[in-house]
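Chain and residue survey
Here are the chains, one letter per residue:
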Protein chains: 2
Amino acid sequence: MEAPVPRRTRIQQEKRELILEAALDVFSANGFRGSTIDQIAEAAGMSKPNLLYYFRRKEDIHETLMQRLLDTWLAPLRELDDVGDPITELKSYIRRKLEMARDYPRQSRLFANEILQGAPRIMPMLEGELKNLVDEKATVITGWMHAGKIAKADPYHLIFAIWATTQHYADFDVQVRAVLGPDRGGDGRFEDAARFLEQLIINGLKPAT
Amino acid sequence: MEAPVPRRTRIQQEKRELILEAALDVFSANGFRGSTIDQIAEAAGMSKPNLLYYFRRKEDIHETLMQRLLDTWLAPLRELDDVGDPITELKSYIRRKLEMARDYPRQSRLFANEILQGAPRIMPMLEGELKNLVDEKATVITGWMHAGKIAKADPYHLIFAIWATTQHYADFDVQVRAVLGPDRGGDGRFEDAARFLEQLIINGLKPAT
DNA sequence: CAATTTTTTGACCGATTGGACAAACGTTAG
DNA sequence: CTAACGTTTGTCCAATCGGTCAAAAAATTG
């Protein structure tokens, strides 16, 4: 019996990483169907048959990419801590998500593309891993509300709102930049967004005294 | 010299509408490159050459769709009224946008797809028509802030936040439904979202007394 | 009715696509 | 050196794609 994922030599490891990096570029910019193996191969600096030596099918590349994505993508929410101060916790969750939109826009767009197409390849993960995590954190947030630390509101829609507003700066980047114009559309837009979102959400969740 | 857009007979009008309706289905679900003329033709109940008799190129269908989209898409923001009560105005803007996400999810996804791919076909509209409208409404909102009607905050990022949170329920629908589960993921989710978003944004913009 | 115009279709075309394959090349261990 | 193994590539293939075209069918006009 052989190991299910051989990947023996060091050169295989490296080339696979190279391909995944190139594929992230191509897939996030053109979607799965809009991307060709040739494009990925060229971006990775190798021939198409050579690429297919490391990943036998186009889908295999995408699948590997999506599996890694989910882990890093949910990391910020995982860190939301039960015992911390609610306001501080929410603030740093927003900040972490915004940093991910700034530093990993390709991953954000890859994810957005997948969901937009109806999540054909990761639906099980959404209904399993993702739902479980959100359920757990929603309970934490509800606890804060019952303790009077923050105003009462639907914790699920709160999480949706944080996802939507932060990922917006990666997924809709060209629109954000077009609207802000050349002056305000520069690097400062993430700082402005962070300030705005913290104010909005923290103020919006201030407990009625 | 002939008219630039003949479209003479009534049957041509009807068939073109039929095609556009089918294309909206297909494009919004698969993106531009992910959609084929055959798919659209089949969804419209006609043969491919017949479809190409009404639209000579695949791009022409998409372009027509995008042109119509922008108008209806910006209508809610256009209605944001200078002289109205700020809180009421913002509330009904949120509600209108959320209704569009509920009633026209295909249009929302078509738009999201286009922006995600870098807006190759509508960039001029973003930098022109869209930017002008947002600039105008941002001035209105800033006026409200200076008048002390709502708290001071960046009006552009406020508009982005409303766009992001409302469109999220169309663009990321499958994720929302997966997370909420079969119980809460039903038709009530838009009412819940409306309640939550109004509370969040209106509370978040309450002027410091 | 017949003549004309509009609509529809089957057959076809060149380009692109995902992928297969065997041969060539490179590397390493004996 | 040489045999074995890992890597790379040129060539090829079947399927699919967007789009053409001529001719049939249907509708319109006189």
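Only a predicted model underlies this, so the values are computations on that prediction, with no experimental measurement involved.

Counting its regular elements, chain A contains 10 helices and 0 strands. The secondary structure elements of chain A, listed N-terminal to C-terminal, are α-α-α-α-α-α-α-α-α-α. Overall, the C-alpha framework of chain A stretches about 65 × 50 × 30 Å when taken along its three principal axes. Here the contacts in chain A between residues at least 6 apart in sequence split such that 66% fall between residues at least 24 apart.

Grouped together as the largest cluster of nonpolar side chains are 115 residues, with contacts concentrated most on I19, A23 and I40 of chain A together with I19, A23, I40 and L197 of chain B. If sequence neighbours within four positions are ignored, I40 of chain B has contacts with I19, A22, A23, V26, S35, L51 and I61 of chain B.

Let us look at the protein's contact with DNA strand D. In the neighbourhood of DNA strand D, 18 residues make up the surrounding shell, with P49 and N50 of chain A together with T36, P49 and K58 of chain B lying closest. Those elements giving two or more residues to the surface near DNA strand D turn out to be α1 (10-34) and α3 (48-54) of chain A together with α2 (37-43) and α3 (48-54) of chain B. Split by residue class, the surface near DNA strand D holds 7 nonpolar, 5 polar and 6 charged.

This part is about the protein's contact with DNA strand C. Taken together, the neighbourhood of DNA strand C is formed by 18 residues, with T36, P49 and K58 of chain A together with P49 and Y53 of chain B sitting nearest. The class makeup of the residues in the surface near DNA strand C is 7 nonpolar, 5 polar and 6 charged.

A word on the interface of chain B and chain A. Opposite the 48 residues of chain B that make contact, chain A presents 48 residues. Across the side of chain B that touches chain A, the residue classes break down as 26 nonpolar, 14 polar and 8 charged.

Turning next to the relation of the copies chain B and chain A. When chain B is fitted to chain A, the best match, at an RMSD of 0.1 Å, comes from turning it 180° and sliding it 0.0 Å along the axis. Each copy turns onto its partner about a two-fold axis. It is G204 of chain B whose C-alpha, among those of chain B, lies nearest the rotation axis, at 1.8 Å. An overlap of 98% is found between the interface residues of chain B and their copies at the interface of chain A, pointing to a shared contact surface.

What follows deals with the environment of S92 of chain B. Residues and elements named next belong to chain B. Structurally, the position occupied by S92 is in helix α5 (residues 86-103). What makes S92 partly exposed here is the crowd of 16 C-beta atoms within 10 Å. Each C-alpha atom of the pair S92 and P76 lies 9.0 Å from the other, and the pair is 16 residues apart in sequence.

Looking now at the domain arrangement of chain A. Residue and element names in this part refer to chain A. Domain assignment breaks chain A into domain 1 (1-56) and domain 2 (66-204). A separation of 29 Å is found between the C-alpha centroids of domain 1 and domain 2. Taken together, the contacts link 5 residues of domain 1 with 4 residues of domain 2. Each residue belonging to the side of domain 1 that touches domain 2 can be placed in one class, and the counts come to 2 nonpolar, 2 polar and 1 charged.

Time to look at the packing of helix α8 (residues 155-171) of chain A against helix α8 (residues 155-171) of chain B. Here α8 of chain A crosses α8 of chain B at 120°, and the two axes come no closer than 8 Å. Our classification of the angle between α8 of chain A and α8 of chain B gives oblique. The interaxial crossing formed by α8 of chain A with α8 of chain B has right-handed handedness. Here F160, A161, A164, T165 and H168 of chain A of α8 of chain A come into contact with α8 of chain B, specifically with F160, A161, A164, T165 and H168 of chain B.

Residues and elements named next belong to chain A. Helix length check: α1, at 25 residues, gives a terminal C-alpha distance of 31 Å against a target of 36 Å (1.5 Å per residue), a shortfall beyond 12%. In the structure, α1 departs most strongly from a straight axis at S28, where the bend amounts to approximately 80°. Taken together, the buried positions of α1 are I19, L20, A22, A23, L24, V26, F27, S28, N30, G31 and F32.

Our focus in this paragraph is the environment of L52 of chain B. Residue and element names in this part refer to chain B. Along the chain, the position of L52 falls in helix α3. What makes L52 partly exposed here is the crowd of 16 C-beta atoms within 10 Å. Placed 15 residues apart in sequence, L52 and I37 show a C-alpha to C-alpha distance of 8.5 Å.

Here we come to helix α5 (residues 86-103) of chain A. Between its terminal C-alpha atoms α5 of chain A stretches 25 Å, which fits the 26 Å expected from 18 residues at 1.5 Å a residue. Among the structural elements, α4 (58-78), α6 (105-116), α7 (123-146), α8 and α10 (189-204) of chain A are those in contact with the buried residues of α5 of chain A.

What follows deals with the packing of helix α1 (residues 10-30) of chain B against helix α6 (residues 105-116) of chain B. All names here are of chain B. Packing of α1 against α6 leaves a shortest axis separation of 8 Å and a crossing angle of 50°. By the criterion of interaxial angle, the relationship of α1 to α6 is oblique. The hand of the α1/α6 crossing is left-handed. Facing L24, D25, F27 and S28 of α1, the residues of α6 in contact are R106, R109 and L110. Broken down by class, the residue content of the contact of α1 with α6 amounts to 3 nonpolar, 1 polar and 3 charged.

Before going further, it helps to spend a moment on the confidence of the model for chain A. Residue and element names in this part refer to chain A. For chain A, the mean per-residue pLDDT works out to 93, and 96% of the residues sit at or above 70. For the stretch residues 1-7, pLDDT sits under 50, and the model shows 3 contacts to residues farther than four places along the chain or on other chains. Quick note on the complex model: pTM equals 0.93, ipTM equals 0.92.

About the cut-offs
- Residues numbered from 1 in each chain as written.
- Chains lettered and ligands numbered in written order.
- Predicted model: local features only at pLDDT ≥ 70, side-chain atom pairs only at ≥ 80, totals over all residues.
- Helix = DSSP H or I, 4+ residues; strand = E, 2+ residues; numbered from the N terminus.
- Contact = placed C-beta atoms within 7 Å.
- Core = buried A, V, L, I, M, F, W, Y, C linked by C-beta atoms within 7 Å.
- Buried ≥ 20, exposed ≤ 12 C-beta atoms within 10 Å, placed from the backbone.
- Near = placed C-beta within 6 Å.
- Nonpolar A, V, L, I, M, F, W, Y, C, P; charged D, E, K, R; others polar.
- Least-squares fit on C-alpha atoms with pLDDT ≥ 70 in both.
- Domains from an automatic or database assignment.
- Axes fitted to C-alpha atoms, helices over the stretch in contact; angles between N-to-C directions.
- Parallel < 35°, antiparallel > 145°, perpendicular 65-115°, else oblique.
- Left-handed = near helix turned anticlockwise from the far one by under 90°.
- Expected span 1.5 Å × (residues − 1).
- Bend = angle between axes of the 7 residues up to and from the residue.
- pLDDT = per-residue confidence, 0-100.

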